[in-house]
Amino acid sequence: MESSVNKTKIKNFFPHKATGKNDDSFVGFKIKGNEIHFYYPESYRFDPESISMRNDIVDLLRTISIAKTKSTILSQANNVNNEPGEFALLSYLWVINDFLINGFYINREKKYKINRSGKINWKRTMQSQPIVSNGNIIYPNVTVEVKNTVDNILVDIHKHCVKRSIDFIGWLFNLSSDFIEEKPFNETIKKQYISALREELDHTFDDEKRLRLRHLLNVILGLDSRNKNEFVYGVDSYHYIFERMIDSIFGNIKDLRDFNPKAKWQLTKNNYKETDSSNLRPDTIIVKDKDVFIIDSKFYRFGYTGNEEDLPETTSIQKQITYGDFIQMNVTKIDVQNIYNAFLLPYDKKREVFNSEDNIQYIGFAKSTWKDNTKKHELVHAFLIDLKHVVKTWNRYNHENDVSFLIREIVKHQSEMQTI
């Protein structure tokens, strides 16, 4: 086995910045033959020469699991009928990490049967109810230890999963799978492997072993017997992922139905009976005491270019004002005193056009020309947030510092606007 995790460079590795424009919005990686093409958002600070390069790749790839929909670019390495997802990245990483720590699979869990040939386990046997006959103690239910009948196939499954996981994602660790013997794999064997894993899951109560079996099952479900010379893992647009990460960091209202402005249609053909139109839905809501903060995540290019034409357009500004109007008039479950509006856009804080040390930076506000802009929510404040910071922290439990900072900044700048 060849491993050099501390080395910086990855062989045949080609990084690409995704601008988010048409035909240039894919984020993830594509492997073609022996070439690894890694596509990352242009505002994600990535240095292929950095010693943290591998961790940065893994951090970004982990966020892709947030996406609910599959990439429209299908991979030959994927079985479109598999259950957990088209590419079990987290399971590949888990299998490789587990293998590096524990080696190949060995089942240490003993199985016991009653009245079968095998090595007698006297402790378990003597716990059963004996029969006394002519002064003799007889144990009619002898407990014996038997070898798990699926042990051999589980060893084969584990080796196969380790090899395939290294084939798919081992380049992150400079691992080669050449040391693992290649065995036949086809749809018949795949069905046997799936059946064996599910049977073992049904009869195993060891949590650590169950975790391993679930990851192995994810890997097998994501494999087919075709050639693995080309495959893809990623999403066609990173906007939804950014939106969900921002909501994970800042949002404290998870059920947004009460905050969704609604419209109705009344058609002559239905005798003007009301019919629901689609709802508007804010990205993120923060409620702090009697204040409501409406946050819209915009995965726009301003955080890379610094150009005004890459800021949110009028329709986005209008929607934010509409959310504020609706909440002010219709939300009664909470006592609302102040309503604030803000955009959050990704940026690279180290980029020369910004050159900042701040994970969150205020850049200004937007207003309409059809309102008098006297209400707080009629001004939409705009902030940049460092995308690398978001990627590294979105799934942590405590975001209190970021939330408190954003709230303070919105209120502060809103107060300053009243003096302009």
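Structure shown above.
Let me begin by describing the structure that accompanies this report.

What counts, and at which threshold
Residues numbered from 1 in each chain as written. Predicted model: local features only at pLDDT ≥ 70, side-chain atom pairs only at ≥ 80, totals over all residues. Heavy atoms only, no water. 1 Å grid on protein atoms, 1.4 Å probe; cavity = no way out; pocket = protein on both sides within 12 Å on 5 of 7 lines; lining within 4 Å. Points joined across faces, edges and corners; volume = space filled by probe spheres on them. Nonpolar A, V, L, I, M, F, W, Y, C, P; charged D, E, K, R; others polar. Helix = DSSP H or I, 4+ residues; strand = E, 2+ residues; numbered from the N terminus. Expected span 1.5 Å × (residues − 1). Buried < 20%, exposed > 50% of the residue type's maximum accessible area, 1.4 Å probe, protein only. Pairing = 2+ DSSP bridges. Axes fitted to C-alpha atoms, helices over the stretch in contact; angles between N-to-C directions. Core = buried A, V, L, I, M, F, W, Y, C linked by side-chain atoms within 4.5 Å. Contact = heavy atoms within 4.5 Å.

**Some points on empty space enclosed by the protein**
- Counted under the stated rule, the structure contains one cavity of 30 Å³ or more.
- Taken as a whole, the largest cavity spans an internal volume of roughly 80 Å³.
- Surrounding the largest cavity, Asp156, Lys159, His160, Lys163, Ile180, Glu181, Glu182, Lys183, Pro184 and Tyr193 form its lining.
- Its residues assigned to classes, the lining of the largest cavity shows three nonpolar, one polar and six charged.

**Describing helix α2 (residues 89-102)**
- Between its first and last C-alpha atoms α2 spans 20 Å; for 14 residues at 1.5 Å apiece the expected length is 20 Å, and the two agree.
- Of the positions making up α2, those classed as buried are Leu89, Ser91, Tyr92, Leu93, Val95, Ile96, Asp98 and Phe99.

**Considering the sheet that holds strand β16 (residues 379-386)**
- Reading across the sheet, the five strands line up as β12-β13-β14-β16-β15 and stay open at both edges, with mixed pairing between neighbours. Each end of this open sheet is capped by a strand with a single partner; those strands are β12 (284-288) and β15 (360-367). On average, adjacent strands in this sheet sit at an angle of 25° to one another, irrespective of strand direction.
- Here five bridges tie β12 to strand β13 (residues 291-297), and the two strands are oriented antiparallel to one another.

**As for unusual backbone geometry**
- Even without glycine at this site, Asn12 takes up a positive phi of about 55°.
- Relative to the elements of secondary structure, Asn12 occurs in the segment before β1 (13-18).
- Classification of Asn12 as partly exposed rests on a relative accessible area of 27%.
- Positive phi, normally seen in glycine, also occurs at Asn355, with a value near 45°.
- Mapped onto the secondary structure, Asn355 falls in the loop between β14 (338-347) and β15.

**Examining the nonpolar core**
- Counting residues in hydrophobic clusters, the biggest one holds 80 residues, and the most contacted among them are Ile57, Leu61, Ile169, Trp171 and Phe250.
- In terms of residues, this core owes the most to one element, helix α4 (residues 151-169), which gives seven residues.
- With sequence-adjacent residues up to four places away left out, Phe250 is seen in contact with Thr284, Ile286, Leu344, Ile360, Ile385, Asp402, Val403 and Leu406.

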